[in-house]
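Here are the chains, one letter per residue:
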Amino acid sequence: MDKLLIRGGRQLNGELRISGAKNAALPELCAALLTSDPVILENVPRLHDVATMLKLIRNMAAKADVLENGDVRLDAGPLSFPEAPYEMVKTMRAAVLALGPLLARFGEATVSLPGGCAIGSRPVDQHIKGMLAMGADITVEHGYMIAKLPKGRERLKGASITTDMVTVTGTENFLMAATLAEGETVLENAAQEPEIIDLAEMLIKMGAKIEGHGTARIRIQGVERLHGCTHAVVPDRIEAGTFLCAVAAAGGDVLLRGARADHLDAVIDKLRDAGAQIESVPEGIRIRAQGRMRAQSFRTTEYPGFPTDMQAQFMALNVVAEGSSKVTETIFENRFMHVNELVRLGARIQVDGKSAAIDGTQELSGATVMATDLRASAGLVIAGLVADGETLVDRIYHLDRGYECMEDKLRSIGADIERIK
């Protein structure tokens, strides 16, 4: 397995480009299944999860080509196998996003129960609940969701869907399925993330009728068919937030080209409180950080609150910040697995249920650590950037699922980091 070797103690200066968002690209690749026309996606990140999704789409007999400029051209016209088998999706939860588009366009779908990071239970019962409300028959057999329209029905039907909790992938699945449903669908308690808005804007380009995206109530008027479009994937706010935390921890002056400050309000507010200077500029976001930051307590919650996907990275900053802080995780029950690895570097952290109490320390000591999930990997990299000596981060295949060439980008702004095969 590949590893990252980091020699800490260097400030970060310069600029880097923020890639397209993984959490927007994956549902948008699935959205291309809703039409028989070609779809072109621009600004698609080169990630393991994206490669897995493209492989899944090709396995359905659809076409998915990466063009010379990095854009992706999809053609689901020849799709003849509306199934997402376990072997194709066992490492990627986002495969559940094929359920809505396949069911809406073909009237049937067989989708494996998903895998992904081991950060806690992420049940699919809300997805099933929504599709049942739209008139589908669904059974779960042998690890698969098997969905079909009732005999005699050609389209899903509009419905009012209220989920028991805010679910991003659930909102995306219902949004895509509803575009081809008969009548109006209303999504209550909908997720409000920028990636939801970006997906809705893509669907509107394809001919969908959607209102309210970006709020907790989305209305969709179903249409008989969608057409192709060209759409650019929104910049990755989590990648941008990760690099912001890295600069705040290590110090320096960096421009994140293409980043959207309006997608990171909760994180930027905390970083400013910590002592970082952050400004939104026409090119993206600029951060300047000198000296030791001040520790900040926070609680993860649904957007627009502090994102769970930034918890590990900001915890790594708190570890080397001045003072004490408390981090409370409300989204996933197993998302403190990086704590023991940070402790190996010298962090002072005590976990009590859903909360972690952190006493900042001025010095970390390099060691070998093991990545346990995608965002934990990024947190360990940030800690390694400031630790004395060498830090070796093992099992970085997690990192490659969500960060495009992270070591190259960090090296371009002054980090001493290399990938070891």
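The coordinates are above.
No experiment lies behind these values; they were computed from the predicted model shown.

S.K.: Please give an account of the layout of surface pockets that cites residues and values.
M.R.: The rolling of a water-molecule-sized probe over the atoms marks out the regions of remaining empty space. Approximately 280 Å³ is the volume found for the second largest pocket. Lining of the second largest pocket is provided by 17 residues; of these, Ala249, Ala250, Gly291, Arg292 and Val386 occupy positions nearest its centre. Looking at the lining of the second largest pocket, the elements that each hand over two or more residues are helix H8 (237-250) and helix H12 (374-386). Looking at the lining of the second largest pocket, the element that brings in the most residues is H8, giving three residues. Residues that form the lining of the second largest pocket fall into these classes: nine nonpolar, six polar and two charged.

S.K.: Go over the pairing of strand E19 (residues 324-328) with me, naming the residues and quoting the values.
M.R.: Pairing geometry for strand E18 (residues 298-299) and E19, over two bridges, is parallel. If you follow Arg299 over to E19, its bridge partner there is Thr328. Considered for its hand, the β-α-β crossover made up of E18, helix H10 (residues 311-319) and E19 is right-handed.

S.K.: Would you mind going over the sheet that holds E18 in detail, with residue names and values included?
M.R.: Strand order in the open sheet formed by four strands is E18-E19-E21-E20, with mixed pairing between adjacent strands. The open sheet terminates on both sides in strands that have one partner only, identified here as E18 and strand E20 (348-352). Sheet analysis places E20 next to strand E21 (residues 355-359), joined by five bridges and oriented antiparallel. By the bridge assignment, Val351 is partnered in E21 with Ala356. The sheet strands contacting H10 are E18, E19, E20 and E21, and the helix crosses E21 at an angle near 25°.

S.K.: Run through the packing of helix H5 (residues 125-133) against helix H6 (residues 168-178), naming residues and quoting values.
M.R.: Running from N to C, H5 and H6 point in directions that differ by 25°, and their axes come no closer than 9 Å. The angle between the axes of H5 and H6 places the two elements in the roughly parallel class. Every pair of crossing elements has a handedness; the one defined by H5 and H6 is right-handed. Between H5 and H6, the residues in contact are Gln126, His127, Gly130 and Met131 and Thr169, Gly170, Asn173, Phe174 and Ala177, respectively.

S.K.: Which residues make up the pattern of salt bridges, and what values do they have?
M.R.: Applying the stated criterion across every chain, the model contains 27 salt bridges. As a salt-bridge pair, Arg257 and Glu15 come within 3.0 Å of each other at their nearest N and O atoms. Here the residue Arg257 occupies a position in strand E15 (residues 252-257), and Glu15 occupies one in strand E2 (residues 12-17), the gap between them amounting to 242 residues. The exposure class assigned to Arg257 is partly exposed, which follows from its relative accessible area of 34%.

Quick notes on the rules
Residues numbered from 1 in each chain as written. Predicted model: local features only at pLDDT ≥ 70, side-chain atom pairs only at ≥ 80, totals over all residues. Heavy atoms only, no water. 1 Å grid on protein atoms, 1.4 Å probe; cavity = no way out; pocket = protein on both sides within 12 Å on 5 of 7 lines; lining within 4 Å. Points joined across faces, edges and corners; volume = space filled by probe spheres on them. Helix = DSSP H or I, 4+ residues; strand = E, 2+ residues; numbered from the N terminus. Nonpolar A, V, L, I, M, F, W, Y, C, P; charged D, E, K, R; others polar. Pairing = 2+ DSSP bridges. Right-handed = clockwise from strand over helix to strand, strands pointing away. Contact = heavy atoms within 4.5 Å. Axes fitted to C-alpha atoms, helices over the stretch in contact; angles between N-to-C directions. Parallel < 35°, antiparallel > 145°, perpendicular 65-115°, else oblique. Left-handed = near helix turned anticlockwise from the far one by under 90°. Salt bridge = Lys/Arg side-chain N within 4 Å of Asp/Glu carboxyl O. Buried < 20%, exposed > 50% of the residue type's maximum accessible area, 1.4 Å probe, protein only.

Honestly, it's all geometry; don't read function into it.
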